[in-house]
Structure formats: structure tokens, C-alpha cells
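In case you want the letters, here they are:
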Amino acid sequence: RLWHLDSHRRHDKNKTKKKMATFAVEYAKSGRSTCKGTKELIPKGALRLAKVTEREHGDKTISMAAWYLPVPFFQMMKRMRKGSAIVESSADLAGFDELKDDDKGAVEKMISDYHDEDVDWPPKPAPKPKKKKEPSSDGDATQPSPKKAKKTIEIPDEKREGVEMGQLRDIAEELSERLRGMGYNVPDADSARQQCGPVCRECLVDGVLDVGNVLRGMAAKWGLKETIECVVAENAPLAGVFKELSSFEYKKGDNIKGTAYKKVSAALAAHTAQITSGKEAKKLAGIGKSSADKIDEFLSSGKVAKLEEYKQGV
């Protein structure tokens, strides 16, 4: 693959050299990658193009691909500095020969239109709407910006009849696990049940439980886990744990720890082999003994005690 890393060579953390970019095209192998231009997910099987940048780390070379949907890819090239390497023809795109004939024709036309001065292409990106400042009641100052809402998944209405108060404990546990499976930041089972139980009681009226309201309420409280695109998909849960730890540290005002955990998350996401132990992870830049211990803890138990404490507000 384009981002292959020879893991048998010695890694030097202190020497990094950037090489010239190359380009590639392929069909998205999953629906997890994000278009760097629009920030939207690229559907599985969709045509995507990449700017591939090589970096030398000591005697190793790592290739990192930034993926784009077709139009944002050419918009990105328009913004590149004069003299930068760009796609001159389909021969500059690794993987082009593996495309379907119709897609080959579409890509070649986009390249042709891009270089044709008489064709206004690609279209300019839509301008981002400006946020309007709302005046306060006295008409002089502006209202403080509202707190950013947590991302949620649309949850449909759902009712459950014949529910008794004694069943709510088990139902709270059941609904918490449903949200966990949907990708929400659900704490450990006991804490989740304690937090979800009171909401279940509030939504139980005359033996009818408003399950949809319970799920929506807890989803808003816990929020979705942030997805992280990793070179090796198996490292995504680990990278996600340290991204969450970073967020909590920043909220506490500890920018040093927040930045340290953020670097650990980035190192795990960029690593080209599956991490199987903290000892192995310590070889990566920015990962010390404390983080390695947390990696071992997560690999053995599926959770990190410090993160669970933060989720419970400890």
C-alpha cells in the first residue's frame, strides 16, 4: 500500500524530512475515511483521490495519504503554491488503471478541465455562512456564544407498555448498552445504570415507558465518541481513548496533559502496525511509561480507570 512502513528498520524520532507529494485514486474501502476538503465521510465504494506525502524518519520512510472527494481534490490543487507538484495527467495517479472505464473517463475529463484555461473548473467552494451576533436585551453588548452541542444520532420514537417500577433497573442497563453499541460515551455499567435510572423513572407514566425520550436524553448527556481515522483500524479504539483523555484534561485546564495525550492519540493513529502491548507502544514518539501502562490496561480490560473516573465526574 502507498502508506507502507518497513517495520524492520530502525526508527529515529529526532530526524524528520518531508519529501515531494505524489497522488493516488481508488474506491473507498470503508465508510470511515473523511474528505479533508469538506470534512464529510466518504461512502464505502465512492471514488476518492489522495495527496500522498512522504516523510523520512531516520532511515525509515512513511507515506501519509490525505483523502478527498473528486471536486474538493481539484479545489485543493488550485490552492497549492506555484511550483508544487500537481496532477498533470492520469499517469500521475497511482491506482488509475484499476478504475472502471466510466470512472477513468470522468477522472480524465476532470484533469483536462482543470488544465483548460477556457473552462471554469473546479467550482469555487461555497462560502461558509457568517455567524450573526445576537444583541442582548440592552441592545449594546452581544450575547455569549452558546455551548457547542454534543453530536447525536437521530433516535426514533419508541414506547414500551406494561412496564413496572421494579423493572426499571434492568431496563436502564439495557438502554445504556444500546447507546454504547451506537457509539456513545457510555460509562461503566454501574454508573450508566445509576445515571439512566432516574431518567427512566421520569419517562414512566401509567405503565408506559417513553423509551425514545430516555435514549435521546442519555445520548445528549453522554455524547458520541469521536471517530479517529487510523492507518491500522485495530488501533482506533486505543487512539480514541487517549483523544477522550486529552479532551477531559483540556476541560480541567491542564493543557500540558491534554497536549501529551493528544500526541499519544496521534502517534497511535499514524502507526502502521497493530499495537499489542504498552512496551511496543513506548517505541513511538511521545509515548512514555504512564501512557504505556494505560495501553496495557485498555488491552487487558477494555477500559482505562482514569477515563472512567472522568466520565463519572470524579
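Peer 1: Got a minute to help me understand the nonpolar core in this structure?
Peer 2: One recurring pattern in soluble globular proteins: nonpolar side chains tend to sit buried together. Phe-73, Phe-74, Met-77, Leu-93 and Val-107 are the most contacted members of the largest nonpolar core, which has 29 residues in total. Counting residues in hydrophobic clusters, the runner-up holds 22 residues, among them Leu-168, Ile-171, Leu-175 and Trp-222.

Peer 1: What is the right way to look at the confidence of the model for the chain in this model?
Peer 2: Any region with low pLDDT has predicted coordinates that should not be read closely. Taken as a whole, the chain shows an average pLDDT of 83; of its residues, 84% reach a score of 70 or greater. Note on residues 1-16: pLDDT is under 50 here. Beyond four places in sequence and across chains, it has 35 contacts.

Peer 1: What exactly am I supposed to notice about the pattern of salt bridges here?
Peer 2: Two side chains that carry opposite charge are able to pair once their charged atoms sit near each other. On inspection of all chains with the given rule, the structure shows 13 salt bridges. We note a salt bridge from Asp-293 to Lys-289, for which the minimum N-O separation is 3.0 Å. Linking Asp-293 with Lys-289, this pair stays in helix H9 (residues 289-301), spanning four residues, or about one helical turn. According to the relative accessible area criterion, Asp-293 is partly exposed, its value standing at 39%. Under the relative-accessibility criterion, Lys-289 is labelled exposed at 56%. With a closest N to O distance of 3.8 Å, Glu-309 and Lys-306 form a salt bridge. Taken together, the residues span about one helical turn, with Glu-309 and Lys-306 both in helix H10 (residues 305-311) at a distance of three residues.

Peer 1: Teacher, can you tell me more about the side chain of Glu-244 here?
Peer 2: Within the secondary structure, Glu-244 is located in helix H6 (residues 236-252). In this view, Glu-244 contacts Asn-185, Lys-225, Leu-307 and Lys-311; residues no more than four positions away in its chain are not counted.

Peer 1: Looking at this structure, I do not really get the sheet that holds strand E6 (residues 204-205). What am I missing?
Peer 2: Two orientations exist for strands paired in a sheet by backbone hydrogen bonds: parallel and antiparallel. Pairing is antiparallel across the open sheet formed by three strands, whose spatial order is E5-E7-E6. Here the strands that pair on one side only, and so sit at the sheet edges, are strand E5 (159-160) and E6. Note: E5 against strand E7 (residues 208-210), two bridges, orientation antiparallel. Paired with Lys-159 across the bridge in E7 is Asp-210. Packing of helix H5 (residues 211-222) onto the sheet brings it into contact with E5 and E7, and relative to E7 it is tilted by some 35 degrees.

Criteria and thresholds
Counting restarts for each chain: residues are numbered from 1 in the order of the written sequence. Reporting in this predicted model follows two pLDDT cut-offs: at least 70 for local features of residues, and 80 or more for side-chain atom pairs to be given and counted; totals over whole chains, interfaces and linings ignore these cut-offs and use all residues. Only hydrogens and water are set aside; all other atoms, that is, all heavy atoms of the structure, feed into the side-chain values. Here, the term nonpolar core denotes a set of buried Ala, Val, Leu, Ile, Met, Phe, Trp, Tyr and Cys residues that are joined through side-chain atoms within 4.5 Å. Here the term buried applies to any residue with accessible area under 20% of the maximum for its type, exposed to any over 50%, and partly exposed to those in between, with areas from a 1.4 Å probe on protein chains only. A residue's pLDDT is the predictor's confidence in that residue, given on a scale from 0 to 100. A contact between two residues is defined here by any heavy atoms of the two lying within 4.5 Å. What counts as a salt bridge is simple: a side-chain nitrogen of Lys or Arg found within 4 Å of a carboxyl oxygen of Asp or Glu. Going along the chain from the N terminus, every DSSP run of H or I of four or more residues is numbered as a helix, and every run of E of two or more is numbered as a strand. Only strands joined by at least two bridges in the DSSP assignment are considered to pair. An axis is simply a line fitted to the C-alpha atoms; with a helix, the fit covers only the stretch in contact. Between two such axes, the angle follows the N-to-C directions and lies from 0 to 180 degrees.

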